[in-house]
Every structure is written in structure tokens, then in C-alpha cells.
Amino acid sequence: MGTSARLPLAGVLRLGRPPEIWFKPALSVVVAVAPPNLALLMLGRLDLAMYTMAGSLCALYAHNRPYAARARALAWVVLGMLGGLATALVAAALTADAVVLVTIGSVLAAVQKVLCDATRIGPPGNVVLTFISSAALFAPESLDRIPGHLASAAAAGAWAWLVGMAPGLLRPHGPERRATAAALDAVATHAEASGPGGTGEDRARTHATAAAAVQAARQSLYSAGRPSEARLALERLVVRAEVALAAPADADPGLLRTWARQVRGNRPVPEVDDLALLGAELPPRSRPLWRRLGPLAPLAVRTALGCALAGYVSLALGIGRPYWALVTAASLYQATLTLTWGRGIQRVVGNVLGVLLFAALVPLAHTGSVALVLCCLALNFGAEALIGRNYWLGSVCVTPMALLITEFTGFQEPGRLITERVVDTLVGALVGLIAAVVVPDRAWQRVVRTERTAPRTLAATGRSQGRPHQDQRTDSDTTEGVRP
């Protein structure tokens, strides 16, 4: 095992290709955030922006899901956001003990992490939920104001739901089309790699990518709701992709790519012969939620422990916002220790560069409330546009946005904000990594070791360990979505 395997640094900060629809979540979050914030600006109540932001940020979720599934997913995200916010607000109103608040925030973070992984909600996962609930814990609160604050968040959440569903009016089958096109393109690439000029490594890599893309396309079609003519035509194309994946030497990569181009957009779906008898089985139905929660117990303990210790250390250092350290720890935990280490590096690099960007923007933001709101909107767009390239690049925009949000209640001394954010980032990353080492996930490590020695049997091994091979954990590993 080489040095890079023991301490992976190479590639952690490498930029990838932007997602196919990178602009869609970026525009959606701006459209979801702008009207509530501008309304509060006109009313002179920017101090309520944290609560409307809680609902607006729900627009970050479920962009790759068919609209029938997206409607349900977004509704659950809004309810989950409101539940975490309500718990935090009640706790903040009942006690001012920082140690108690950090403990409550850590338990909330663990619950949010486990529920997001168990339900496979996808990016941005638990971190946005944890950021909102943790920040609310340390905001001044009283019981009589809680209903109004929750109503503001619920109204913004309803608007975010409408923003997320609006594209379906123009492209009702857009997510399924993109998933099918991606599968056809990936299989075409594998067919080309399987030719005389391809190497064994290329064939293995492209086969894994194509198999995942085909499975994603079939899952997308499976969750799209009632069958339609367009959906049935897409299913026939996915079957063709599966046949080509099974026999790449007999496939025509040019034809597969032509079908992929035709599927994108609103043009009629190409009609191909019905080969349903050769199709793969439908994706298995998900296990009940309570059965998916059990294997995630080590993850819950690790998250709660890491967040609590990070918050306590931050308090001991005299930091006024220990929730930053808590959120940093919550953002680290991935499927393996190696991935968690990489996420820690990305988090630290992105946050340090982000505070430098904040230092450059703060003179402009302090010129007035309008400039402050516009800076936050621009950073929202930049975060979503860039985070698909690499987590650290998106964090460069997320960090100053989170710092500027704290100024909605009044401008603050930037030097102190910068110092506290850097210290909390380092504390959260270090303590979070320690917790990941202290509470390892032995079952998942066995699956990863099996993948290294026998990749073709990994799916079966994953099932034998009581958890899905891919969907269970990789949702939180993806780089898409805002991570405050």
C-alpha cells in the first residue's frame, strides 16, 4: 500500500466536471431565497431572515428525482427542517446554558444524519438541516415568538416546494430523460473502451460507471409514478443500454450516443423495438425505515460524539458561536475513514479561502442592507454552481454566505468573525476526525475491504452486512449541494 493510500492527499482538491444541470439548483436556490429576503428587507425585518432561509434552503434538494418522487421528498425535507428548527427554538427559549445547547445540537445532528442516510434523500444531505437547527439554538428566543418564526419558515418552505416543482410544467419527464441519456452515454463509453485499443483498467472503470448509470436510470423510471408513453419509450432505451452493457463488443457506441442526444430536451423519445423480456428486474423495494436505521447506529454515535466534543472544545476556547465547530464535525462523516479524511481537508481549505473572500466582500456588504442581501444571493448562486466541481470550491462561497447571514441582525466586527470561524473550522475538523477513528464502522469497513479484493461480489457482500451496496451511504458523499 503506497503513501497516497495511507494518507490520501492527491486528488482530494482536484476539480471534476460540472454536473449536467449545475445551473438548475443554483438558479432554484436564488429564486427560493430572493423573494422572502427582499420582502423582509422592505419590511425592515432582516432579523427574521434566518427563519425564512430555513425554509428557502429546502429548494436545494431532490433535483435529480422525477417530479412525482420530488414532490414527496421536498415535502418531507420541509417537515424535517421545521421539526429540527422547532426543537432548537424551544430549547433556546428554555435554557441559555451553552453546554446543554451544544448537547442538544449534537443529538439533533446525529438524528438528522441518520435519517438523511436512511431515507437516501441525497445532497446536500444533513448538513443544511444541522446548520439551521444549530444556529437557532444560539439565537435569542422566547416561547411567545416561536409560532411566528415557524410560520415564516413554513411559508418559505412552501415557496421552495413550488420552486422545486415548477420546472415540471415545462419538462415533466426531464429527470428521467437525463438519467436515461446518462446511461446511454456511459454504456457507449464502455463499449468504446471494450474495443481493441482499451485496457483492462479502462474496461473495469467504464463498466462500473455504466452499471451505476443504468441502475440510476432504472431507479429513476421506477420512482416516476404512473406509466406514460414517454416513460415506456425511455424504459425500452434503458433495456437497450443493459443489453449493450452485457455485450459491449456487439454494441454500436455511435447509435447509443445518438439516442442520448435525442432523449435530452423536449424532442420525441426515439422509438426502439420492445425487448422487455431481456430487461433487468425492477429495483427492489426499499426496506422499512426502521430496519434501515439499525445498521446506522455507529454513525449516529460517531456524529453525536464528534459534534458534542467539537462544541465543548469551542466553548472552552471562548468562541461565541460553537455551532460552527459542531456543523463542521457533522459535515465530515462519510462512508469510510478515507473519505472522511478527504472531506476534512476539503472543508478546511474551502473555509479558510472562504473567510478571505468574506474579508474582501465585507466592505461592500456593510454599505447597506440591500448590498448585504445581494451579496448573499450572489454567494448562494456561486456555491451551488461550483460545489459540483469539488466540495472545497463550493465552500469558498458557502463560508462567506454563512458569515453574512449572521449580520442580518446587525453589522459585526469582521476580524472577530473571521478568527472565530477559522478556529471553529479547525476544531471541528480535528475533533470530528478523532471521533471517526474512535467509533469506526466495522461492518462498512468489511464491505470496503471486500470491494478491494473482489469487486464483482461487492453487491452481495453489502447485502449480507445488512445495508445496500451503494444507495445507503453515497448520497452523503456526493459533492453537490450547499454545505454551510
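**Q** Would you mind going over the overall build of the protein in detail, with residue names and values included?
**A** Counting its secondary structure elements, the protein contains 21 helices and zero strands. Out of the 484 residues belonging to the protein, those deemed buried represent 51%. Taking the contacts inside the protein whose residues are at least 6 apart along the sequence as the reference set, 80% of them involve residues at least 24 apart. Here the protein has roughly 21,000 Å² of accessible surface; of this, 65% comes from carbon and sulfur atoms.

**Q** Provide a residue-level description of the layout of surface pockets, including the pertinent values.
**A** With a probe scaled to a water molecule rolled over the atoms, the places where space remains empty come into view. If you add up the space inside the second largest pocket, you get close to 480 Å³. Met50, Ala139, Pro140, Thr406 and Thr409 are the residues nearest the centre of the second largest pocket, which is lined by 25 residues in total. If you list the elements that add at least two residues to the lining of the second largest pocket, you get α3 (49-56), α6 (127-137), α14 (323-332) and α17 (391-405). Classifying every residue of the lining of the second largest pocket by side-chain character gives 16 nonpolar, five polar and four charged.

**Q** Any details on the environment of Leu386? Residues and values, ideally.
**A** Here Leu386 lies in helix α16 (residues 369-386). Not counting the four nearest positions on each side in its chain, Leu386 is found in contact with Leu393, Gly394 and Cys397.

**Q** Tell me about a nonpolar patch on the surface, and please be specific about residues and values.
**A** Nonpolar side chains collect at one region of the surface, where Val99, Leu305, Leu309, Tyr312, Leu430, Ile434 and Val438 lie side by side and expose about 590 Å² of accessible area between them. Listing elements by their share of the nonpolar patch, those giving two or more residues are α13 (297-316) and α18 (414-438). Among the structural elements, Leu430 can be located in helix α18.

**Q** A description of the state of the cysteines should follow, citing residues and the corresponding values.
**A** Tallied over the full model, the rule gives zero disulfides. Left without a disulfide partner, Cys376 is nearest to the cysteine sulfur of Cys375, which lies 7.1 Å away.

**Q** An account of the packing of helix α5 (residues 98-119) against α13 is needed here, citing residue identities and associated values.
**A** In contact at an axis separation of 8 Å, α5 and α13 are set at 150° when each is read in the N-to-C sense. Viewed along their axes, α5 and α13 adopt a mutual orientation that is roughly antiparallel. In this structure, α5 meets α13 at a crossing whose hand is right-handed. Between α5 and α13, the contacting residues are Ala98, Val99, Val102, Thr103, Ser106, Ala109, Ala110, Lys113, Val114 and Asp117 on the first element and Leu299, Ala300, Thr303, Ala304, Cys307, Ala308, Gly311, Tyr312 and Leu315 on the second. Counted by class, the contact of α5 with α13 contains 13 nonpolar, four polar and two charged residues.

**Q** Quick rundown of the packing of aromatic side chains? Include the residues and the values.
**A** Evaluation of the coordinates by the stated rule reveals three aromatic pairs. The ring centre of Trp324 lies 5.3 Å from the NZ or CZ of Arg421, which sits over that ring.

**Q** Help me get a handle on the pattern of salt bridges, residues and values and all.
**A** Applying the stated criterion to the full structure yields twelve salt bridges. Taking the shortest distance from any N to any O, the salt bridge between Asp185 and Arg264 comes out at 3.0 Å. Here the residue Asp185 occupies a position in helix α8 (residues 174-193), and Arg264 occupies one in the loop between α11 (253-263) and α12 (289-293), the gap between them amounting to 79 residues. According to the relative accessible area criterion, Arg264 is partly exposed, its value standing at 27%.

**Q** With reference to specific residues and values, describe the environment of Gln112.
**A** Along the chain, Gln112 falls in helix α5. The spacing of Gln112 and Leu129 is 17 residues in sequence and 7.1 Å in space, taken between C-alpha atoms. With residues near it in sequence (within four places) discarded, Gln112 still touches Gly84, Asn126, Leu129, Thr130 and Ser133. A distance of 2.8 Å separates the side chain of Gln112 from the side chain of Thr130, its partner in a polar contact.

**Q** Break down the packing of α6 against α14 for me, citing the residues and quoting the values.
**A** Direction vectors running N to C along α6 and α14 enclose 165°, while the axes themselves pass 10 Å from each other. When the interaxial angle is binned, α6 and α14 end up roughly antiparallel. Between α6 and α14 lies a crossing of right-handed hand. Contacts between α6 and α14 involve Val127, Thr130, Phe131, Ser134 and Ala135 on the former and, on the latter, Tyr323, Leu326, Val327, Ala330 and Ser331. Residues belonging to the contact of α6 with α14 are distributed by class as follows: seven nonpolar, three polar and no charged.

**Q** Describe the nonpolar core, and please don't skip the residues or the numbers.
**A** Judged by nonpolar contacts, the single largest core of 67 residues is most densely connected at Leu57, Tyr61, Met81, Leu85, Ile132, Leu404 and Phe408. In terms of residue count, the dominant contributor to this core is helix α4 (residues 67-94) (ten residues). Once residues within four sequence positions are removed from consideration, Leu85 is found in contact with Tyr51, Ala54, Ile132, Ala136, Leu150 and Ala153. If you look at the next biggest cluster of nonpolar residues, it comprises 27 residues, including Val214, Ala217, Ala233 and Leu234.

**Q** Let's hear about unusual backbone geometry: which residues, and what values?
**A** In this structure, the amide linkage connecting Pro123 to the following residue, Pro124, adopts the cis form with an omega of 0°. One non-glycine residue, Arg120, lies in the positive phi region at around 55°. By the element assignment, Arg120 lies in the loop between α5 and α6.

**Q** Before we move on, can you summarise α3 with the specific residues and values?
**A** Of all eight residues in α3, eight are buried; the element is thus mostly enclosed. Along α3, the positions that sit buried rather than exposed are Ala49, Met50, Tyr51, Thr52, Met53, Ala54, Gly55 and Ser56. Structurally, α3 contributes buried residues whose contacts are with α2 (23-43), α4, α6, α7 (146-165), α16 and α17.

Calculation criteria
- Residues numbered from 1 in each chain as written.
- Predicted model: local features only at pLDDT ≥ 70, side-chain atom pairs only at ≥ 80, totals over all residues.
- Heavy atoms only, no water.
- Helix = DSSP H or I, 4+ residues; strand = E, 2+ residues; numbered from the N terminus.
- Buried < 20%, exposed > 50% of the residue type's maximum accessible area, 1.4 Å probe, protein only.
- Contact = heavy atoms within 4.5 Å.
- Areas by Shrake-Rupley, 256 points an atom, 1.4 Å probe, with all protein chains shown as cover.
- 1 Å grid on protein atoms, 1.4 Å probe; cavity = no way out; pocket = protein on both sides within 12 Å on 5 of 7 lines; lining within 4 Å.
- Points joined across faces, edges and corners; volume = space filled by probe spheres on them.
- Nonpolar A, V, L, I, M, F, W, Y, C, P; charged D, E, K, R; others polar.
- Patch = residues over 30% accessible without salt bridge, like charges linked within 9 Å, V, L, I, M, F, W, Y side chains within 5 Å.
- Salt bridge = Lys/Arg side-chain N within 4 Å of Asp/Glu carboxyl O.
- Disulfide = S-S within 2.5 Å.
- Axes fitted to C-alpha atoms, helices over the stretch in contact; angles between N-to-C directions.
- Parallel < 35°, antiparallel > 145°, perpendicular 65-115°, else oblique.
- Left-handed = near helix turned anticlockwise from the far one by under 90°.
- Phe/Tyr/Trp six-rings, centres within 6.5 Å; stacked < 30°, edge-to-face > 60°.
- Lys NZ or Arg CZ within 6 Å of the ring centre and 35° of its normal.
- Polar contact = N/O pair within 3.5 Å; in protein donor to acceptor, adjacent residues only side chain to side chain.
- Core = buried A, V, L, I, M, F, W, Y, C linked by side-chain atoms within 4.5 Å.

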